[in-house]
Amino acid sequence: MQRIHTIPDIINNYIKGNELLSPQATVIVGFSGGADSVTLLHFLHTHGYNCIAAHCNFSLRGEESLRDYQFAKDFTQKYNIPFLSVVFNTLQYASEQKLSIEMACRELRYDWFEKLRLQYQAEAIAVAHHQDDSIETFFLNLIRGTGINGLTGIKSRNGYIVRPLLCIGRKEILHYIKSEKLSYMTDSTNQETVYTRNKIRLEIIPLLQSINPAYANCISRTMENLRQTELVYNETISEQIQKLVKKSEEKYTLSIPELLSLPYPETFLYEWLKKYGFSPLICQQIFLAIKSETSGQIFYSEKYRVIKDRTFVILSQQPSKDLTLTTIDKYQKQITAPLHLTFEYIENHSSFQILPDKNVAYFDARGLTYPLTIRHWEKGDSFTPFGMNGKKKISDYFSDHKYSLIEKENAFLLCSGNDIIWLIGERSSNKYRITQETKEILIVKKH
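Below or above, wherever it landed, is the structure these notes cover. These figures come from a predicted structure and were not determined experimentally. (Residues numbered from 1 in each chain as written. Predicted model: local features only at pLDDT ≥ 70, side-chain atom pairs only at ≥ 80, totals over all residues. Heavy atoms only, no water.)

Quick word on the sheet that holds strand 22 (residues 440-446)
Move 1: Spatially, four strands are ordered 13-14-22-15 in an open sheet, and the strand pairing comes out antiparallel. The sheet terminates laterally at strand 13 (334-335) and strand 15 (360-364), the two strands that pair on one side only. (Pairing = 2+ DSSP bridges. Helix = DSSP H or I, 4+ residues; strand = E, 2+ residues; numbered from the N terminus.)

Section: the state of the cysteines
Move 1: On inspection of all chains with the given rule, the structure shows zero disulfides.
Move 2: In this structure C56 is a free cysteine whose sulfur lies 8.9 Å from that of C105, the closest cysteine sulfur available.
Move 3: C167 forms no disulfide, and the closest cysteine sulfur to it belongs to C51, at a distance of 16 Å. (Disulfide = S-S within 2.5 Å.)

What to know about the nonpolar core
Move 1: Of all hydrophobic cores here, the largest spans 36 residues; its most connected members are I15, L21, V29, L41, L44 and Y49.
Move 2: With six residues, the top contributor of residues to this core is helix 2 (residues 35-46).
Move 3: Non-local contacts of L21, meaning those with residues more than four positions away in its chain, are made with I15, V27, L44, Y49, E123, A124 and V162.
Move 4: In this structure, L262, W272, Y276 and F287 belong to the second largest nonpolar core, which totals 23 residues. (Core = buried A, V, L, I, M, F, W, Y, C linked by side-chain atoms within 4.5 Å. Buried < 20%, exposed > 50% of the residue type's maximum accessible area, 1.4 Å probe, protein only. Contact = heavy atoms within 4.5 Å.)

With respect to unusual backbone geometry
Move 1: For the peptide bond that leads from A337 to P338, omega is 5°, which places it in the cis range.
Move 2: Mapped onto the elements of the fold, P338 is located in the loop between strand 13 and strand 14 (341-347).
Move 3: Following Y370, the chain continues to P371 via a peptide bond in cis, the omega torsion being 0°.
Move 4: Relative to the helices and strands, P371 is located in the loop between strand 15 and strand 16 (372-376).
Move 5: Even without glycine at this site, N80 takes up a positive phi of about 55°.
Move 6: With respect to the helices, strands and loops of the structure, N80 is situated in the loop between helix 3 (63-78) and strand 3 (83-87).
Move 7: On the basis of relative accessibility, which here comes to 69%, the residue N80 falls in the exposed class.
Move 8: Backbone geometry at Y331 places phi at a positive 70°, although glycine is not the residue there.
Move 9: On the secondary structure map, Y331 appears in the loop between strand 12 (326-328) and strand 13.

Things to note about the packing of aromatic side chains
The geometry of two aromatic rings is summed up by the distance between their centres and the angle between their planes.
Move 1: Per the counting criterion, the structure on display carries 15 aromatic pairs.
Move 2: Where F71 meets F75, the ring centres are 6.0 Å apart and the plane angle is 40°; that geometry is what we call tilted. Here F75 and F71 lie together in helix 3, a separation of four residues that amounts to about one turn. No difference in accessibility class separates F71 from F75, as the two residues are buried.
Move 3: Members of the aromatic cluster, joined through ring pairs, are F58, F88, Y110, W112 and F113.
Move 4: A cation over a ring is seen here: R117 above Y160, with NZ or CZ 3.4 Å from the ring centre. (Phe/Tyr/Trp six-rings, centres within 6.5 Å; stacked < 30°, edge-to-face > 60°. Lys NZ or Arg CZ within 6 Å of the ring centre and 35° of its normal.)

Some thoughts on helix 2
Each α-helix turn comprises 3.6 residues. Residues three or four places apart therefore point the same way.
Move 1: Between its first and last C-alpha, helix 2 extends 16 Å over twelve residues, near the 16 Å set by a 1.5 Å rise per residue.
Move 2: Counted residue by residue, helix 2 has ten buried out of twelve residues, so it is predominantly covered.
Move 3: By the burial criterion, the buried members of helix 2 are A35, D36, S37, V38, T39, L40, L41, H42, F43 and L44.
Move 4: Buried positions along helix 2 lie against helix 1 (7-17), strand 1 (26-30), strand 2 (50-57), helix 3, strand 4 (124-126) and helix 7 (170-179).
Move 5: Just past helix 2, the residue G48 takes up positive phi, approximately 90°. (Expected span 1.5 Å × (residues − 1).)

Focus: the packing of helix 11 (residues 265-273) against helix 12 (residues 280-291)
For any two helices packed against each other, one specifies the crossing angle of their axes together with the interaxial distance.
Move 1: Two elements in contact, helix 11 and helix 12, have axes whose closest approach is 10 Å; the angle formed by their N-to-C orientations is 130°. Here helix 12 runs oblique to helix 11, going by the angle between their axes. The way helix 11 lies across helix 12 gives a crossing that is right-handed. Mapping the contact onto sequence places P265, E266, L269, Y270 and L273 in helix 11 and P280, C283, Q284, I286, F287 and I290 in helix 12.
Move 2: For the contact of helix 11 with helix 12, the per-class residue count stands at nine nonpolar, one polar and one charged. (Axes fitted to C-alpha atoms, helices over the stretch in contact; angles between N-to-C directions. Parallel < 35°, antiparallel > 145°, perpendicular 65-115°, else oblique. Left-handed = near helix turned anticlockwise from the far one by under 90°. Nonpolar A, V, L, I, M, F, W, Y, C, P; charged D, E, K, R; others polar.)

Quick look at the side chain of D68
Move 1: Here D68 shows up in helix 3.
Move 2: A polar side-chain atom of D68 sits 2.6 Å from a polar atom in the side chain of R61.
Move 3: Excluding residues within four positions of it along the chain, D68 makes contact with S32, H55, R61 and M185. (Polar contact = N/O pair within 3.5 Å; in protein donor to acceptor, adjacent residues only side chain to side chain.)

Let's talk about the pairing of strand 1
Move 1: Counting buried residues along strand 1, four of its five residues qualify, which places the element largely inside the surrounding structure.
Move 2: The pairing of strand 1 with strand 2 spans five bridges and is parallel. Across the sheet, I28 pairs through a bridge with I52, a residue of strand 2.
Move 3: In the classification by handedness, the crossover that spans strand 1, the intervening helix 2 and the parallel strand 2 is right-handed. (Right-handed = clockwise from strand over helix to strand, strands pointing away.)

Describing the pairing of strand 11 (residues 312-317)
Move 1: In terms of strand pairing, strand 8 (residues 251-255) meets strand 11 through five bridges, oriented antiparallel. If you follow L254 over to strand 11, its bridge partner there is V313.
Move 2: Sheet analysis places strand 10 (residues 304-308) next to strand 11, joined by five bridges and oriented antiparallel. Pairing of V306 across the sheet is with L315, part of strand 11.

Purely geometric numbers; function is a separate question.
Okay, here's the thing in structure tokens:
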């Protein structure tokens, strides 16, 4: 007759099968005092793991928070488990960081857990998410709108965070509590439908259960199928990113014709950009810009930006404007930053010839004001391009020569006093051209 596995057997097999913890590992255990965390801490402690209980007071529930703290402390003393606690001003943190209360609690909790893990050299941080939590996450992501990654539920491991109870649900947890004669605290906010997750737990889940009592197993199987699909999906996307996205210096470029030739261009764009902080909505706006004929549109995440150029999507970090002036004294021979330039002074004579090379500029040294300076261009800058008499704005010159935004940002000017004498690597100023009257010539080369 086949042996029916007990709840501890199921958890043990899950930990081993998913390689969540080594035998007798030191583990930081998130311990609120609720039924889930009591089950997790009791199980790990009684099965030989070196547990350190970590209790958070988020200062949101007044006397109830103090009650939970005292319970957690007494529970750990009973089992001789090391106990650590912290008090957070969650409302202040949420306001300062512009976060929801739920997200603020999450950030505060996991940041503190990670500090403890490093301090105590723990192998992992164990938290008490279970099967029902994973199902709730499935529906939470579904109603918010998500890709395939959001429909796979909660992962058993995320870095150093492990979830040994994902193999059992709330029903099994309460059965474990009863069989081990354990007590626990109840969080009254779990019964409030003001939180979206609670609405799913208290209203949607009971409805599903009334339709199909085995709903939990069915949805869990669906999430597992989606996890397998996710592996294939992510591998395909990764291969396409390696093939289509080109890295050049500090930027990434993606050919728009190649992107649009894909059978799933919008999906590919989102999967590429999401790790750089671009939301689904921003990615949708980028895709609409890509399909239009306009260019030069810029989209931002917190640290990155995307430029829609004529034939490319360009991804780069947001630049910081460098206002530093580089100075060059007379007869100085070279500089290596921000560009590598060499300077040579010669006498003008009849055999001298000007070579047609954009990376070499020639000036009448007699009219220059020293020190020369190098800087980025600024709005309103103008110069007299070689071969012209009137002034032209640098910005207009860029437009005429179809400079991309990246090229504009990387443009440097060589200046004499307030005059721009060279848009470096492009065009010198007619004002300082060499004539028959020139006695000394300055030759500047960009390397």
